[in-house]
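# Report on the structure
As a plain string of letters, each chain reads:
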Amino acid sequence: MKILKGYIFRLYPDKNQELLINKTIGSSRLVYNYFLADRINYYKNTKKGKTAYEQIKMLPSLLKEYPFPKEVDSCALRNSVFILDNAYQNFFNKSGFPKFKRKGINGSYKTTNNKSTYKGKKYESIKIDLKNRIITLPKLKEVKIRGYRNKEAIIGDIKSAV
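These lines cover the structure that appears in this document, whether it is placed above or below. (Residues numbered from 1 in each chain as written. Predicted model: local features only at pLDDT ≥ 70, side-chain atom pairs only at ≥ 80, totals over all residues. Heavy atoms only, no water.)

## Brief notes about the nonpolar core
When a protein is soluble and globular, its nonpolar side chains tend to lie buried together. Core analysis: the biggest nonpolar cluster contains 25 residues, and Val31, Phe35, Leu36, Val81, Leu84, Ile135 and Leu140 have the highest contact counts within it. Elements supplying a minimum of two residues to this core: α1 (15-46), α2 (52-56), α3 (59-65), α4 (74-92), β5 (134-137) and β6 (141-155). Per element, the largest residue contribution to this core is eight residues, and it comes from α1. Setting aside residues up to four positions removed in sequence, Ile135 forms contacts with Phe9, Leu11, Ile126, Lys127, Ile128, Lys141, Glu142, Val143 and Ile145. (Core = buried A, V, L, I, M, F, W, Y, C linked by side-chain atoms within 4.5 Å. Buried < 20%, exposed > 50% of the residue type's maximum accessible area, 1.4 Å probe, protein only. Helix = DSSP H or I, 4+ residues; strand = E, 2+ residues; numbered from the N terminus. Contact = heavy atoms within 4.5 Å.)

So, in structure tokens, the structure goes:
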């Protein structure tokens, strides 16, 4: 049995952080819509599909065409490609064709916590300090938080004692 934990925080960013969050949301939406259109055109021309990894290799050329996504978290851009890939997988499981994302409707982005060690030191891209009520996020640095809710999900077989 595997237990996954997730935390929900309310962020209180300053003006510069709020601007960067909005840029990240907009850039993630741009990447999602650009690669959705790319998949549609590619399928019309070749009757074959593309994988998320093929599209991630195309990200540098997209960044040359649109320079403003260079300012935001690169993990958020990659995750939007994986979210699109999940939408396509769900489409083949009778969930409905993926739709283009619009501005102002459920704006969000997803990032990953990169962990590594170098010369005996541990490095993480996301750090949570509950005592001082601060979360450190990539590109945003330290953001004030208030309250958190712990969500647990149990994955695997649950056996009940009889």
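From this point on, the discussion continues.
## Examining a nonpolar patch on the surface
A grouping of Tyr7, Ile128 and Leu130 is seen on the molecular surface, where their side chains present a nonpolar patch of about 280 Å² in accessible area. Residue position: Tyr7 is located in strand β1 (residues 2-12). (Patch = residues over 30% accessible without salt bridge, like charges linked within 9 Å, V, L, I, M, F, W, Y side chains within 5 Å. Areas by Shrake-Rupley, 256 points an atom, 1.4 Å probe, with all protein chains shown as cover. Salt bridge = Lys/Arg side-chain N within 4 Å of Asp/Glu carboxyl O.)

## Quick look at the environment of Glu142
Examined against the element boundaries, Glu142 turns out to sit in strand β6. Judged by relative accessible area, Glu142 falls into the exposed class, the value being 53%. Sequence-wise, Glu142 and Tyr34 are 108 residues apart; in three dimensions their C-alpha atoms are separated by 31 Å. In contact with Glu142, not counting residues within four places along its chain, are Gln17, Ile134, Ile135 and Thr136.

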